[in-house]
Amino acid sequence: MKQQKQIKSKQRVACHGEVFTAEREVNAMLDLVKQETERIDSRFLEPACGTGNFLVKILERKLSVVKKKYRKSPLDYERNSILALSSIYGVELLNDNVEDCQKRLYKIWEKAYKSICKTETNEDVQKSARFILSKNIVCGNALSLMQVDENAKDTETPIVFSEWAFIRGNIIQRKDYTFEDLMRIGSSSNKTESTNEANEQISFSTENPPSDEGKFLKQYTTDYRSLWKDE
Ligand SMILES: C[S@@+](CC[C@H](N)C(=O)[O-])C[C@H]1O[C@@H](n2cnc3c(N)ncnc32)[C@H](O)[C@@H]1O
């Protein structure tokens, strides 16, 4: 596979510290939490995700487990590949990086989906995958926890993340939390490691949902094939 460039421009390095991590280092770091990267539903959030060098590798690892377990059953593969995708989160200051990151993750998910599910692929599921990525990979400032505008300046809108969980059969429950609340829950729970340092590569990986203790903003209960209808 083609190596991603580590630097886009000297100006971006100077202004935003934008130097992407090379594949070898990404894999070595992910191997430190190997078991978690291979658990389909373990949640990862990268607070300065760039174009997604870490997140794409996490998705690839999870999808290879989904393939191993469910390749004989397209419907189970589909459902679990959505679960894997929905567990990956990123925050990034620069809008073009956010778009690149969403596109890279989608391409990986879509390629694997089409190769396993072949004639059983469904456009609605693909729309749901794109919808999840539009919610999970956010253009924002991981230090102020606010969304940013096209000039990377803070807006008045807080970063919001959706917690996705299959609650029965094909039904996904989506709960929206502010990033600030998630950080609070994270720091008061010893199940979760969290940080608001933007230069930490992987912020947290949880075994469990943020928990019901946190106050969420909104809740939706929807078939995983029509998540996009909720907005
Ligand atoms: C050193 S690069 C690392 C990118 C990616 N984690 C990787 O390893 O390839 C840091 C990234 O963080 C972004 N960034 C800088 N400050 C940020 C902040 N306060 N909030 C979110 N992202 C930020 C930059 O635009 C850049 O893409």
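Right above here is the structure, for reference.
Residues numbered from 1 in each chain as written. Predicted model: local features only at pLDDT ≥ 70, side-chain atom pairs only at ≥ 80, totals over all residues. Heavy atoms only, no water.

Caption draft 1: View of the site of the ligand. Taken together, 23 residues lie around the ligand, and Thr21, Glu46, Ala48, Glu92 and Ala142 are the ones closest in. Between Asn97 and the ligand, the recorded distance is 3.4 Å, taken from a side-chain N or O atom to an oxygen atom. At 2.9 Å from a nitrogen atom of the ligand is found a main-chain nitrogen or oxygen belonging to Ala142. For the ligand, the accessible surface in isolation is 600 Å², of which the surrounding protein chains cover 89%. The set of elements that each furnish at least two residues to the shell around the ligand consists of α4 (53–70) and β3 (137–141). Considered class by class, the residues forming the shell around the ligand number eleven nonpolar, nine polar and three charged. (Near = heavy atom within 4 Å. Polar contact = N/O pair within 3.5 Å; in protein donor to acceptor, adjacent residues only side chain to side chain. Areas by Shrake-Rupley, 256 points an atom, 1.4 Å probe, with all protein chains shown as cover. Helix = DSSP H or I, 4+ residues; strand = E, 2+ residues; numbered from the N terminus. Nonpolar A, V, L, I, M, F, W, Y, C, P; charged D, E, K, R; others polar.)

Caption draft 2: Spatial organisation of the packing of helix α5 (residues 74–86) against helix α6 (residues 95–117). Between α5 and α6, the shortest axis-to-axis distance is 10 Å and the interhelical angle comes to 170°. The angle between α5 and α6 falls in the class roughly antiparallel. For the pair formed by α5 and α6, the contact residues are Pro74, Tyr77, Glu78, Ser81, Ile82 and Leu85 on the first element and Trp109, Ala112, Tyr113, Ile116 and Cys117 on the second. Classifying every residue of the contact of α5 with α6 gives nine nonpolar, one polar and one charged. (Axes fitted to C-alpha atoms, helices over the stretch in contact; angles between N-to-C directions. Parallel < 35°, antiparallel > 145°, perpendicular 65-115°, else oblique. Contact = heavy atoms within 4.5 Å.)

Caption draft 3: Molecular detail of the environment of Ser9. With respect to the helices and strands, the residue Ser9 is situated in the segment before α1 (10–16). Separated by ten residues in the primary sequence, Ser9 and Val19 have C-alpha atoms spaced 9.3 Å apart.

Caption draft 4: Representation of the packing of α5 against helix α7 (residues 123–136) within the structure. Here α5 crosses α7 at 10°, and the two axes come no closer than 10 Å. By the angle class used here, α5 and α7 are roughly parallel. Both α5 and α7 take part in a crossing whose hand is right-handed. Residue-level inspection shows Glu78, Ile82, Leu85 and Ser86 of α5 in contact with α7, the latter providing Val125, Ala129, Ile132, Leu133 and Asn136. (Left-handed = near helix turned anticlockwise from the far one by under 90°.)

Caption draft 5: Representation of unusual backbone geometry. Located in the positive-phi region is Lys118, a residue other than glycine, with phi close to 40°. Relative to the helices and strands, Lys118 resides in the loop between α6 and α7. For Lys118, a relative accessible area of 58% puts it in the exposed group. With phi around 65°, Ala152 is a residue other than glycine that occupies positive phi space. Turning to its location among the elements, Ala152 is positioned in the loop between β4 (146–148) and β5 (154–158). (Buried < 20%, exposed > 50% of the residue type's maximum accessible area, 1.4 Å probe, protein only.)

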